Amino acid sequence: MGDRDEEEELQMALRMSLHGSPPAQPEPKRSKPPSPAGESPEAEARRKQRELMAAAAEKRLRAVAPPAAVAPPVTVAPPVTVAPPAAVVVPPPSQPTAVVAEQPSAPEDVKVESESTVVPMEDVKEAEVELEVDVGEEEKGEELHPELAEKLWLMVFGSGVSKAVLAQWSNQGIRFSSDPETAMGLVQHEGGPCGVLATVQAYVLKYLLFFSDNLGNPEVSDPSFALGQRRFYQSSFAARDDFSSLTEDGKTRALVHAMVEILFLCGTGKRAVVAFIGGVIREVSGLDNNQQKVDAALEGISVESAIDFQKVLRIITFTSRKDAFNMLLANIPLFRSRLGAMLFLISSLLSRGLDCIQADRDDPSQPLVTAPFGHASQEIVNLLLCGEAVPNVFDGKMDLGGGMSLKGIPSDVEVGFLTLLESLNLCKVGQYLKCPKWPIWVVGSESHYTVLFALNPNVQEENELEERESKIRRAFDAQDQSGGGGFIAVEGFQQVLRDTDITFPSDKLDDLCNAGVIVWSEFWQALLQLDKRAGGMKDPTGLMGKKQFTIYHFNGIAKSVLNGSGNTGGSTPIQRPRICKLNVSVPPRWTQDEYLADVVSSSASGSKNDSVLSLAPPVQTACQHAPLVDCIRTRWPRAACSWSGDVPSIV
């Protein structure tokens with residue numbers, strides 16, 4: 001009878017240890033009962049083993065019990081049955097508790113068995129309190145080897161990085177705006193990390209706008225899930241154009257989904273490496289709102305050299321999207337902290353692998369953070385967009401001859417990219433980036449990255465002649481070996497004509513080929529005059545499908561604005577990002593004269609043809625211009641834009 005009572009007490013102690021639920025008040029220690037008279041050696045050994053197990057359970061209980069004020073969520077385990085040190089059996093909740101026959105072994109060999117699965121005790125010791133993420137030995141992470149830390153540092157910052165650039169990257173967290181108007185946006189306070197923030201922002205918008213019903217699913221970023229869910233729909237807040245209605249939990253989950261998708265994209269879908277600061281992650285696991293504690297833990301930590309990298313950085317590698325999601329969600333305050341942008345960049349690089357990063361680049365000798373201003377390079381932006389750190393924005397590879405080639409975007413992307421540099425004829429953005437799966441684009445200027453997005457995915461739909469133009473342009477770009485200069489050789493031109501079923505009259509063909517190269521602008525003018533039946537763009541019916549739609553531009557860099565203080569009549573300067581709503585009209589005319597005439601007539605009358613595809617109310621105001629409009633026209637040629645309020649800024 002005494003043995004049975006001791007076994008029941010031991011079961012209760014272990015259950016409490018596994019649950020992480022200490023008694024309301026500490027129990028006084030009990031004195032050991034005297035050994036029963038005449039106890040056999042075997043019984044005495046069993047009794048001592050049970051006492052050792054009970055003492056170990058109580059010690060473990062005191063060690064893992066968290067303070068009541070910051071207790072993480074706990075998952076209740078099924079009833080536990082205790083045996084001598086040989087094994088611990090965990091039956092299903094519906095099964096009665098049973099004692100397993102004893103076998104002599106050391107306490108370290110104790111195992112937990114759930115139904116028919118036997119798990120080594122060393123895998124169970126640190127899982128005694130099951131949080132949203134397992135608080136285990138692996139959370140201490142893996143240290144960077146000194147050589148790897150040195151290689152990583154030189155790849156990112158180079159050998160002569162300034163303190164000003166390091167300060168920019170060491171003081172930029174990934175945080176949402178507190179302003180209701182821009183509540184969906186990430187705030188940028190430093191100049192350098194905008195490439196990282198804008199790209200993460202683009203993915204965040206993907207989940208907020210088109211996956212809002214699935215934010216609770218940790219595996220929504222899995223391509224197999226997205227393939228089954230590839231339908232265009234709008235969330236209720238997007239349909240109302242009310243970003244202030246977003247919840248903090250929804251925004252946080254959208255951010256974590258974005259991070260998981262990017263990291264697994266960099267890891268070719270197989271893995272994600274998460275970099276963090278050693279010693280911080282264990283303190284804050286499961287404490288989603290304890291930002292002050294994280295910020296305080298990072299005080300005094302500086303990252304100014306490869307040695308600092310090696311000292312403070314730790315990494316964890318995940319092969320499960322669910323595990324990565326839970327870990328990031330539980331520790332999101334670390335990425336909101338001043339080191340957040342840098343940690344996410346490092347995570348992306350390590351997920352891809354440093355050797356693969358160097359192989360992606362055309363010139364691996366240059367640092368990824370550009371001098372002297374510390375901006376994120378195009379290679380960083382492309383890494384986060386397509387999973388490869390290629391330096392160019394055209395489609396595929398460009399063969400330069402002699403075994404040399406330039407690397408561009410390898411395949412379709414989820415969110416795209418537009419740049420002012422294309423309007424200046426300094427580069428050529430390919431169709432992969434111009435026509436992403438979702439109507440969201442990172443916008444690049446000479447010194448800054450912002451985001452352009454639409455709530456209605458139909459802005460991506462093309463009418464018959466737009467599809468024809470896209471097909472011809474892709475065929476032309478496939479033969480363009482000029483690095484985006486917009487001209488091709490005569491041999492390549494003949495291939496374009498064959499691929500697109502274009503038939504020019506012999507005299508016109510001779511004119512185009514007379515110079516030895518064919519320039520896109522001249523080719524396009526010739527197509528405008530060539531009848532549609534011969535493969536050209538001239539349509540005598542004039543029914544070309546005018547488009548009108550609304551698009552939004554978000555600039556995350558904080559700008560001082562005046563905030564009225566109400567009754568006092570005064571105002572207080574505050575820092576907030578900016579969002580601009582633009583009305584876009586893409587006219588159906590193809591020549592410049594017809595285009596200008598159409599803009600004037602439509603602005604005056606406000607009428608529209610029955611064949612017009614309208615995605616928004618007709619634009620009644622005169623068209624306006626800003627550098628952003630030049631970027632938009634690289635995606636929608638001849639687009640006219642208008643807006644209210646301040647001019648949208650891409651710097």
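Everything numeric here is computed off the predicted structure, so don't read it as measured data. (Residues numbered from 1 in each chain as written. Predicted model: local features only at pLDDT ≥ 70, side-chain atom pairs only at ≥ 80, totals over all residues. Heavy atoms only, no water.)

**Student:** Kindly report on the pairing of strand S5 (residues 272-277), identifying the contributing residues and their values.
**Tutor:** Counted residue by residue, S5 has six buried out of six residues, so it is predominantly covered. Of the two faces of S5, the one holding Ala272, Val274 and Phe276 and the one holding Val273, Ala275 and Ile277 are both buried throughout. Where S5 lies against strand S6 (residues 313-318), six bridges are found, and the strand directions are antiparallel. Among the inter-strand pairings, alanine 272 is bridged to a residue of S6, identified as phenylalanine 318. (Buried < 20%, exposed > 50% of the residue type's maximum accessible area, 1.4 Å probe, protein only. Helix = DSSP H or I, 4+ residues; strand = E, 2+ residues; numbered from the N terminus. Pairing = 2+ DSSP bridges.)

**Student:** An account of unusual backbone geometry is needed here, citing residue identities and associated values.
**Tutor:** Cis geometry marks the peptide bond from alanine 371 to proline 372, where omega comes out at 0°. Tracing the backbone through its elements, the reader meets proline 372 in the loop between strand S7 (369-370) and strand S8 (375-376). Although it is not a glycine, threonine 268 sits at a positive phi angle of roughly 55°. Checked against the element boundaries, threonine 268 lands in the loop between helix H8 (248-266) and S5.

**Student:** Tell me about the environment of threonine 370, and please be specific about residues and values.
**Tutor:** Mapped onto the elements, threonine 370 comes out in strand S7. The class for threonine 370 is partly exposed, based on a relative accessible area of 31%. Separated by 178 residues in sequence, threonine 370 and glycine 192 have C-alpha atoms that sit 8.9 Å apart. Not counting residues up to four positions away in its chain, the partners in contact with threonine 370 are His375 and Ser377. (Contact = heavy atoms within 4.5 Å.)

**Student:** Describe the pattern of salt bridges, naming the residues involved and giving the relevant values.
**Tutor:** Per the counting criterion, the structure on display carries 18 salt bridges. Taking the shortest distance from any N to any O, the salt bridge between glutamate 143 and arginine 314 comes out at 3.4 Å. In this pair, glutamate 143 sits in strand S4 (residues 142-143) while arginine 314 sits in strand S6, placing the two residues 171 residues apart along the sequence. Residue glutamate 143 is classed as partly exposed on the basis of its relative accessible area of 47%. Put simply, lysine 428 and glutamate 422 hold a salt bridge, and the shortest N to O gap is 3.2 Å. For lysine 428, a relative accessible area of 13% corresponds to the buried category. Looking at glutamate 422, the relative accessible area reads 9%, which means it is buried. When salt bridges that share partners are traced, they join Lys206, Glu261, Glu414 and Lys437 into one network. (Salt bridge = Lys/Arg side-chain N within 4 Å of Asp/Glu carboxyl O.)

**Student:** Explain the packing of aromatic side chains to me, and be specific about the residues and the numbers.
**Tutor:** According to the stated counting rule, one finds 17 aromatic pairs in the structure shown. Measuring from centroid to centroid gives 6.1 Å for phenylalanine 243 and tyrosine 552, while their planes differ by 90°, and the two rings are edge-to-face. One end of the pair, phenylalanine 243, is in the loop between helix H7 (236-240) and H8; the other, tyrosine 552, is in strand S16 (residues 547-564), and 309 residues separate them in sequence. According to the relative accessible area criterion, tyrosine 552 is buried, its value standing at 5%. Taking 5.9 Å as the distance between ring centres and 20° as the angle between the ring planes, the aromatic pair formed by phenylalanine 476 and phenylalanine 523 counts as stacked. Taken together, the positions of phenylalanine 476 in helix H19 (residues 464-478) and phenylalanine 523 in helix H22 (residues 520-529) put the pair 47 residues apart, joining distant regions of the chain. On the accessibility criterion, phenylalanine 476 (0% relative accessible area) is buried. Put simply, the rings of Phe476, Phe493, Phe504, Trp520, Phe523 and Trp524 touch in pairs and so form one group of aromatic residues. (Phe/Tyr/Trp six-rings, centres within 6.5 Å; stacked < 30°, edge-to-face > 60°.)

**Student:** Describe in detail the side chain of arginine 314, supporting the description with residues and values.
**Tutor:** Residue classification places arginine 314 among the buried positions, given a relative accessible area of 14%. A distance of 3.1 Å separates the side chain of arginine 314 from the backbone oxygen of lysine 311, its partner in a polar contact. (Polar contact = N/O pair within 3.5 Å; in protein donor to acceptor, adjacent residues only side chain to side chain.)

**Student:** Provide a residue-level description of the sheet that holds S5, including the pertinent values.
**Tutor:** One open sheet holds the three strands; their spatial order is S4-S6-S5, and the pairing between them is antiparallel. Lying at the two open borders of the sheet, with one neighbouring strand each, are S4 and S5. In the packing of helix H12 (residues 321-330) onto the sheet, contacts are made with S5 and S6, and the angle to S6 comes to roughly 145°. (Axes fitted to C-alpha atoms, helices over the stretch in contact; angles between N-to-C directions.)

**Student:** Tell me what's going on with the packing of H8 against helix H16 (residues 378-386), and back it up with residues and numbers.
**Tutor:** Each pair of packed helices can be summarised by the angle the axes make with each other and by the distance between the axes. Their axes nearest at 7 Å, the elements H8 and H16 cross at an angle of 100°. Classed by the angle they form, the pair H8 and H16 counts as roughly perpendicular. On the side of H8, the interface is formed by Ile262, Leu265 and Cys266, while H16 contributes Leu383, Leu384, Leu385 and Cys386. Across the contact of H8 with H16, the residue classes tally to seven nonpolar, no polar and no charged. (Parallel < 35°, antiparallel > 145°, perpendicular 65-115°, else oblique. Nonpolar A, V, L, I, M, F, W, Y, C, P; charged D, E, K, R; others polar.)

**Student:** Outline the packing of helix H14 (residues 340-352) against H16, listing residues and values.
**Tutor:** Axis separation between H14 and H16 bottoms out at 11 Å; the angle between their running directions is 70°. The angle between the axes of H14 and H16 places the two elements in the roughly perpendicular class. Once H14 is placed against H16, the crossing between them reads as left-handed. Residues Phe344, Leu345, Ser348, Leu349 and Arg352 of H14 touch H16, and the partners they reach there are Ile380, Leu383 and Leu384. Residue composition of the contact of H14 with H16, by class: six nonpolar, one polar and one charged. (Left-handed = near helix turned anticlockwise from the far one by under 90°.)

**Student:** Give a description of the nonpolar core that names residues and reports values.
**Tutor:** Ranked by size, the top nonpolar core spans 107 residues in total, and within it Ile277, Phe309 and Phe453 carry the most contacts. The biggest single contributor to this core is helix H5 (residues 194-210), with 13 residues. Excluding residues within four positions of it along the chain, phenylalanine 309 makes contact with Leu144, Ala149, Leu152, Trp153, Phe157, Val303, Met342 and Ile346. Grouped together as the second largest cluster of nonpolar side chains are 23 residues, Leu418, Phe549, Trp643 and Ile650 included. (Core = buried A, V, L, I, M, F, W, Y, C linked by side-chain atoms within 4.5 Å.)

**Student:** Just give me the short version of the confidence of the model for the chain, but keep the residues and values in it.
**Tutor:** Mean pLDDT over the chain stands at 76; residues scoring 70 or higher make up 66%. With pLDDT under 50 throughout, residues 64-139 is counted as low confidence; its partners more than four residues away or in other chains account for 119 contacts. Counting interchain partners and residues more than four positions distant, the pLDDT-below-50 stretch residues 564-568 has four contacts. (pLDDT = per-residue confidence, 0-100.)

**Student:** Explain the pairing of strand S9 (residues 397-401) to me, and be specific about the residues and the numbers.
**Tutor:** Bridging between S9 and strand S10 (residues 404-407) involves four bridges; their strand directions are antiparallel. Paired with lysine 397 across the bridge in S10 is lysine 407. Taking the residues that link successive antiparallel strands as the turn, the S9-S10 hairpin has two residues, and the phi of glycine 402 there is positive, at about 65°.

**Student:** Go over the state of the cysteines with me, naming the residues and quoting the values.
**Tutor:** For the coordinates displayed, the defined rule picks out zero disulfides. Free of any disulfide, cysteine 623 has its nearest cysteine sulfur in cysteine 641, 8.6 Å distant. A residue is classified by how much of its surface remains accessible, and cysteine 623, at 40% relative accessible area, is partly exposed. Unpaired in this structure, cysteine 631 has its nearest cysteine sulfur neighbour in cysteine 427, at a distance of 9.9 Å. (Disulfide = S-S within 2.5 Å.)

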